[in-house]
Each structure stands twice: as C-alpha cells, then as structure tokens.
Amino acid sequence: MFDQETQKRMAAEAAADYIENGDIVGLGTGSTVKYVLEALGKKVQQGLNILGVATSVQTAQLAKSLNIPLITLDEVLQGHKVIDIAIDGADQIDESYHMIKGGGGAMHREKIILMCSDLRIIIVDDSKMVKKLGGAKLPVEVTKFSYLPVMELLKGSGLPSKPRLDSNGNFFITDNGHYILDCKLPEKPNLDEISALVSMIPGVVDHGLFMDLASIVVVGGAEGLKIHEIEEHELSQE
C-alpha cells in the first residue's frame, strides 16, 4: 500500500517519462508537480535537452534551482512553436475529466499553458478523483478594485465566496497581482452554466474550472498507477 506522497511521486515520475529530447515543457504548480521537477532535474543532469515554461514564480524558482532551463510563453509563440507537453496537477477531477484547479493560486497561467500545449498530462493521487465536482471550493481570480462587487454578484448567483488569505492573514496576492475569491459550489452544479456566468462578470480574470483540458490523467493510487488516455468524445460528455 502506497501513502499519499508516494502516490504523488509515482504519478509525477510516470508523467515525466512522456517527455522527449528537444521538447518544450509546460511546468505546472503545486505539491505533485514538485516531484515532476525533481525527476526532470535528474534527467537534465543526465543529458536531456528541454526548455520549461513555468506557470508560477514558485515553479520558476524551483526549476532554476534544479538547473532546468526556462523559456517564456512569449518566446515560444514568437518562435512560431507550441508547447509540446504540459504537466500539471488538479484539486479535483470528475468522471468526465473536468477539473477544479487553483489551490496554489496559479490557475490563470496554468489554464493558458494547457491551452497552448499539444499534450496535456494531469497528475494526481487518487484522493483527487471524484464522481462530480460538487460542494468544493471554486477559486476565482479577480482584480483588487473589483473584489467586493464581484463577491456580491457571485452571492446573488448562488456562489457565496470569501477572499483567500495568506499565512499572515492578509489578502493572498497572485503572481498577476490579483486577489482570489474561493466560492462554494452547489452540490449538483451545472458546470457549463457556472463557467459561463463567472467568466462574464466584470472584474473576473479567470476561474478554476478547467473543462476539456486533459489529454492524459495519471493517477497514483494505494495499489499503484492508473493511466487514463482520454479521447475527444469522452471529454465532450457530461
């Protein structure tokens, strides 16, 4: 039986094995992705030639400490290239492979990196796999100027929220310089409706619902690994 940290490491190392020499790699954020970076650092030391695109300051700092060379998203796209493979974690994944992300506060950049990638691998331990994304917290990134009216609009739409605080009790500030509101999802949410509604509120930068953005889900479980290779028709199902 494998404990949770071992499950995370197994999933991360399995995902890292998909990376090939010469790849441009989107590097997610979070406790599970940390193990991907550690695995990549060893591969780079052994001669693997890659360029990483970091989704957060935290990830960039760790990548640099492991001698993983980095490139910006602008540099990738200006060179008329795409990100070959992106690896990221998730807070929850449902049976239709829809996700909630943003526990680390980097969901805006994570979503953009995934959208710009050919292959999108999500790595989780099996505690993150759920039947439906109901009753969880949905992070919503908002401008500082707008957070109070956005909170009122969210509340009026059945999504009560609270500002996220840091360890010192101050407002949590994203790498983009914004606040995060953590909303309570209904027990049986209509994800498409909520995604569209939240996205239309002035002042909202992004939200943590990730719909149809996984190509492969690697799950570390108590008994070992499970790999879900997702077909396009599976992603479109509710």
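Quick look at the structure, then. These numbers were taken from a predicted model, which means no experiment stands behind them. (Residues numbered from 1 in each chain as written. Predicted model: local features only at pLDDT ≥ 70, side-chain atom pairs only at ≥ 80, totals over all residues. Heavy atoms only, no water.)

## Notes on the overall build of the protein chain
Check the secondary structure of the protein chain and you find 8 helices and 13 strands. Taking 238 residues into account, the globule formula puts the C-alpha radius of gyration at 18 Å, and the protein chain, at 18 Å, falls close to it. Along the three orthogonal principal directions, the C-alpha set of the protein chain runs to about 55 × 35 × 35 Å. Here the protein chain holds 238 residues, and the buried ones make up 50% of them. In the protein chain, once contacts between residues fewer than 6 apart in sequence are set aside, the share between residues at least 24 apart is 76%. Averaging the locations of the 22 positively and 34 negatively charged side chains of the protein chain gives two centres separated by 6 Å. (Helix = DSSP H or I, 4+ residues; strand = E, 2+ residues; numbered from the N terminus. Rg over C-alpha atoms; globule rule 2.2 N^0.38 Å. Buried < 20%, exposed > 50% of the residue type's maximum accessible area, 1.4 Å probe, protein only. Contact = heavy atoms within 4.5 Å. Lys, Arg positive; Asp, Glu negative; His and termini not counted. Charge placed at Lys NZ, Arg CZ, Asp CG, Glu CD.)

## Focus on the nonpolar core
Counting residues in hydrophobic clusters, the biggest one holds 25 residues, and the most contacted among them are Ile-19, Leu-40, Ile-50, Ile-68, Ile-87, Ile-121 and Ile-123. Elements that contribute at least two residues to this core include exactly helix H1 (4-16), strand S1 (24-27), helix H2 (33-45), strand S3 (83-88), strand S6 (117-125) and strand S12 (216-221). No other element matches the 7 residues that H2 contributes to this core. Once residues lying within four places of it in the same chain are set aside, the contact partners of Ile-121 are Ala-15, Tyr-18, Ile-85, Ala-86, Ile-87, Asp-88, Ile-216 and Val-218. Among the nonpolar cores identified, the runner-up in size contains 23 residues, and Ile-83, Ile-93, Val-217 and Ile-230 belong to it. (Core = buried A, V, L, I, M, F, W, Y, C linked by side-chain atoms within 4.5 Å.)

## Some remarks on the packing of aromatic side chains
Here the structure, examined in full by the defined rule, presents 3 aromatic pairs. Judged by centre distance (5.3 Å) and plane angle (80°), the rings of Tyr-147 and Tyr-179 are edge-to-face. Here Tyr-179 lies in strand S9 (residues 179-184) and Tyr-147 lies in helix H6 (residues 147-156), a separation of 32 residues in the sequence. When its relative accessible area of 18% is taken as the criterion, Tyr-147 is described as buried. Residue classification places Tyr-179 among the buried residues on the basis of a relative accessible area of 13%. Both rings, one in Phe-171 and one in Tyr-179, keep their centres 4.3 Å apart while their planes meet at 15°; by these two values the pair is stacked. The ring of Phe-210 is capped by Lys-111, whose NZ or CZ atom sits 4.9 Å from the centre of that ring. Cation over ring: Arg-164 sits above Phe-172, and NZ or CZ is 5.5 Å from the ring centre. (Phe/Tyr/Trp six-rings, centres within 6.5 Å; stacked < 30°, edge-to-face > 60°. Lys NZ or Arg CZ within 6 Å of the ring centre and 35° of its normal.)

## Remarks on the packing of H1 against H2
The interhelical angle for the contact between H1 and H2, taken along N-to-C directions, is 45°, at an axis separation of 8 Å. Taken together, the axes of H1 and H2 lie oblique to each other. Of the two possible hands of crossing, H1 and H2 adopt the one that is right-handed. Each of Glu-5, Lys-8, Arg-9, Ala-12, Glu-13 and Ala-16 in H1 lies in contact with H2, whose residues at this interface are Tyr-35, Val-36, Glu-38, Ala-39, Leu-40 and Lys-43. Here the contact of H1 with H2 is built from residues that sort into 6 nonpolar, no polar and 6 charged. (Axes fitted to C-alpha atoms, helices over the stretch in contact; angles between N-to-C directions. Parallel < 35°, antiparallel > 145°, perpendicular 65-115°, else oblique. Left-handed = near helix turned anticlockwise from the far one by under 90°. Nonpolar A, V, L, I, M, F, W, Y, C, P; charged D, E, K, R; others polar.)

## So, the pairing of S9
The element S9 is extensively covered by neighbouring structure, given that 5 of its 6 residues are classed as buried. The pairing of strand S7 (residues 137-142) with S9 spans 6 bridges and is antiparallel. What sits directly across from Val-140, in S9, is Leu-181. Relative to S9, strand S8 (residues 161-163) is paired through 3 bridges, and the arrangement is antiparallel. Bridge pairing in S9 links Pro-163 to Leu-181. (Pairing = 2+ DSSP bridges.)

## What to know about the sheet that holds S7
One open sheet accounts for 4 strands, arranged S8-S9-S7-S10; its pairing is antiparallel. The outermost strands of the open sheet, each flanked by one partner alone, are S8 and strand S10 (204-207). Taken over all neighbouring pairs, the strand axes of this sheet differ in orientation by 30° on average, direction set aside. Taken together, the 3 bridges between S7 and S10 define a ladder with antiparallel strand orientation. When the sheet's bridge partners are listed, Val-142 is paired in S10 with Val-204. Its contacts with the sheet place H6 against S7, S8, S9 and S10, and it is angled at close to 15° to S9. Together, S7 and S10 form the strand contacts of helix H7 (residues 191-199), whose direction differs from that of S10 by roughly 160°.

Any functional reading would require information that these geometric values do not contain.
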